[in-house]
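# What the coordinates show
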Amino acid sequence: SILSSIIFVGVGLGSFSIGLLEPNFSRLLLIKYNVLSFIVFSLMLIFCSNIYVFCLIRLFIGFNIGVFIPITLNILYETLPIKFRTFWSLFVWTGFQ
């Protein structure tokens, strides 16, 4: 159960730290580094044979997800027209789930 839930700890830490990261870095820069590190850590899982390193990598992947989702959703909500914002928000979250 630790293997499956460690990613949620990372998501919580990433969501918490976005408030500290966003004033210091631009959103575009955070998204670029997030996608790059997500790819790198996901590829590292292929070669991982130690359970502790596997948990640590999943923690980092969760952190990336926790940073990525709030930034992208904020950008989405800022660009959507007010009249259709609710519909498209529900559409995006349904597709995301």
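The following refers to the structure shown. Numbers given for residues are sequential positions, taken from 1 along each chain in its written order. With the structure being a predicted model, the display of local features is reserved for residues of pLDDT at least 70 and the display and counting of side-chain atom pairs for 80 or more, all residues being used for whole-chain, interface and lining totals. Heavy atoms from the whole structure form the basis of all side-chain values; hydrogens and water molecules are not counted.

### Description of the overall build of the protein
When you go through the protein residue by residue, the secondary structure sums to 4 helices and 0 strands. For the protein, the sequential pattern of α-helices and β-strands runs α-α-α-α. With respect to the principal axes defined by its C-alpha atoms, the protein has extents near 50 × 30 × 20 Å. Classification of residues uses two cut-offs on accessible area relative to the type maximum, computed with a 1.4 Å probe and protein chains only: under 20% is buried, over 50% is exposed, and between them is partly exposed. Looking at the protein as a whole, 24% of its 97 residues qualify as buried. Counting every atom, the protein has about 6,900 Å² of accessible surface; 76% of that belongs to carbon and sulfur. Every helix listed is a DSSP run of H or I at least four residues long, and every strand listed is a run of E at least two residues long, numbered separately from the N terminus. Residue-level accessible areas treat just the shown protein chains as cover; the underlying method is Shrake-Rupley with a 1.4 Å probe.

### Things to note about helix H1 (residues 2–21)
Here, expected helix span is obtained from the residue count minus one, scaled by 1.5 Å. Given a rise of 1.5 Å per residue, 20 residues ought to cover 28 Å, and the 27 Å separating the end C-alpha atoms of H1 matches this to within 8%. Among the residues of H1, Ile 6, Ile 7, Gly 10, Gly 14, Ser 17 and Ile 18 are the ones counted as buried. Whether two residues are in contact is decided by their heavy atoms, any of which lying within 4.5 Å being enough. Close packing links the buried residues of H1 with helix H2 (27–46) and helix H3 (51–79).

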